[in-house]
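Take a look at the letters that make up each chain.
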Amino acid sequence: MSVSTIWVYAESADGAPTSSTLELLTKARSLGGTVEAFTTAADAAAIAPALGAHGATKVYAAGPLGDVLPGAPAAAAIAALVEAGNGPDLLLFATSYEGRDTMARLSAALDRPVLTNNVEVALDGDSVAVTTPIFGGNTLVTTRFTGPGPYLASFRPKSFAAEESGGGAPEVVTVAVPDTGAAGATTVLARHVEERSGPKLDEAAVVVSGGRGLGEAGKFDLVEQLATLLKGAPGASRAIVDAGWVPYAYQVGQTGKVVKPNVYIAAGISGATQHMVGMKGSKNIIAINKDAEAPIFSVADLGIVGDVHKVLPKLIEALQAKG
Amino acid sequence: MNVVVCVKQIPDPAVPGELDPATSTLKREGKLILDESDSYGVEMALQLVDAAGGGEVALVSMAPNSETSGLRTALAMGAARAVLVSDPVLAGSDALGTAKVLAKAVERAGLPDLVLAATESSDGYTGTTPEQLAALLGLPSITFAKKVEVADGKVRVERQTEAGYDEVECALPALVTVTAGVVEPRYPSFKGIMAAKSKPVDEVAVADLGLDAASVGQAGARQEIVSVAAAEARQAGEIIEDDGEAYLKVVAFLEQLKVI
């Protein structure tokens, strides 16, 4: 079997494809062959031009699905296309809530393995090889699919840069969604958006993150003040998100946001593997932590061994004085 | 109300991980512990059964070599019994192979009202096994729960999203994956630890479940590791002790980067 048709599972938010979707389309294009997209977006026609501009020549649309979680119906729709001989040889997903659910359901439906959390993909003869960082990103493991396709793989956000292809608007093909019965009967009753001001965490040029070293929820204010002064976004370690100090949307790490800003300031963060995976790609890292042995210092360009409660207020004052 | 919790016994994450150079798989020598991620599911299950006023919490787990130390922790927390699938052929199982085994184990435990699992394990963090399990069992599923309630034959979940959270509901039986922090796991009491020693662990092999050995383990994984390489290491930069003036270093660094 050759890998000639590659699909990207396209997700959207606020009427536009997500950045991960555009990154995957760009990468898919570089592998050669036909690049197409599959989406459950309610607004497939609206997002199709942007998908086309990044390389998709056709968009299979299975939406709108209404108020159900998309994983089960999306997987059933893709499985039906594969079984009818109209599926891809390789299907790329983002490591996201919807991507994970759909890929896993599809894996079970087609009896195909999945390779997850990857940062690279290459064709290996008639097969596909993907690369996954393990041990906090210190080791890279490359794995090849050995069985029949289609091959299913997911990729961490920001593994690839999104670039336009100059392609035109793709054809939008509406596909049927098979009845998924009880397995697909999950109803979304309400959606809650946790408002935050300033640049988006995963797009900000400067990110200031706080961790357990802040000592108490009230001290997160220091992180927010510093982020505002630097026109950046505040972030957080999993520890203080789990502790309920800040909403989940602030979390930087393996199960949170992957960030690659120009400057990352880690305040009171020791640098657990979970966190490092999410911020190690930052261009410049500044770490402030009391514990000189904290793993965060092994990746910091500037490390301050000190108390965040002393260093941050002085830093904030100095920046305010500079105007 | 009966709840089955999927639990994984993993090498202690505090000990740095190592790959076996011969097989390129994670070394799993030494004592295994209950994955901390799973302790949230166990606690959630215990609380839901309490709130329902009856029923029990059963565990399902898979291990290549009869390991039970992690299971005993969950039993000591209050789970009633466990099904442990232990078989040498399971070595090298991938996420789907694991889900196939767990699906049979859940059926053996007695199909419950609710299956709980962690969103992902702390060692493999594939994050797909629970959803594969739900698909194999034909159950609806809600992943990334940060709050779980059961009432009137339905489970209602606050599910994390990119932007915040959604309130999602589905009918029982269902599968839910919980995040760390959904509840505060209890510490096993001395009484619980003693009681756990005599709680039943139903140890079965792959053949007992009616599964084809070729569909699980290394044979069923249909993937091979091509290479293992060290990632380009990030060099540590300048590290200084704060003498009260260290903030000036930060200011200078930010100026040099033209951020200010």
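Overview of the structure.

Cut-offs applied
- Residues numbered from 1 in each chain as written.
- Chains lettered and ligands numbered in written order.
- Predicted model: local features only at pLDDT ≥ 70, side-chain atom pairs only at ≥ 80, totals over all residues.
- Heavy atoms only, no water.
- Contact = heavy atoms within 4.5 Å.
- Buried area = accessible area lost by both parts, 1.4 Å probe.
- Salt bridge = Lys/Arg side-chain N within 4 Å of Asp/Glu carboxyl O.
- Polar contact = N/O pair within 3.5 Å; in protein donor to acceptor, adjacent residues only side chain to side chain.
- Nonpolar A, V, L, I, M, F, W, Y, C, P; charged D, E, K, R; others polar.
- Pairing = 2+ DSSP bridges.
- Helix = DSSP H or I, 4+ residues; strand = E, 2+ residues; numbered from the N terminus.
- Axes fitted to C-alpha atoms, helices over the stretch in contact; angles between N-to-C directions.

It is worth spelling out the interface of chain A and chain B at this point. Of the residues lining the interface, 77 residues belong to chain A; the matching set on chain B comes to 73 residues. For the pairing of chain A and chain B, the buried interface totals around 6700 Å² over both sides, and the portion due to carbon and sulfur atoms is 58%. Considering only the surface of chain A that becomes buried against chain B, Y97, R100 and H192 of chain A emerge as the three largest contributors, covering 10% of it. In this assembly, chain A and chain B are joined by 10 salt bridges. Notably, a salt bridge pairs K257 of chain A with E162 of chain B, separated by 3.8 Å at the nearest N-O pair. Where chain A packs against chain B, one counts 38 residue pairs in polar contact (both at pLDDT 80 or more). Looking at side-chain class alone, the side of chain A that touches chain B contains 38 nonpolar, 22 polar and 17 charged residues. Sheet analysis places strand β10 (residues 139-145) of chain A next to strand β12 (residues 223-230) of chain B, joined by 7 bridges and oriented antiparallel.

Another point: the sheet that holds strand β9 (residues 164-171) of chain B. The strands that make up a sheet pair up through hydrogen bonds in the backbone, lying either parallel or antiparallel. Ordered in space as β13(A)-β9(B)-β8(B)-β7(B)-β10(B)-β6(B)-β1(B)-β4(B)-β5(B)-β11(B), the 10 strands form an open sheet in which the pairing is mixed. The open sheet has two edge strands with one neighbour each: β13 (186-193) of chain A together with β11 (201-204) of chain B. In this sheet, adjacent strand axes meet at a mean angle of 30 degrees when their direction is disregarded. Bridge count for strand β7 (residues 141-151) of chain B against strand β10 (residues 174-178) of chain B is 3 bridges, and the pairing is parallel. Bridge pairing in β10 of chain B places S141 of chain B opposite L175 of chain B. Contacts between helix α4 (residues 97-110) of chain A and the sheet are confined to β7 and β8 (154-160) of chain B, with β7 of chain B contributing the most and set at about 90 degrees to the helix.

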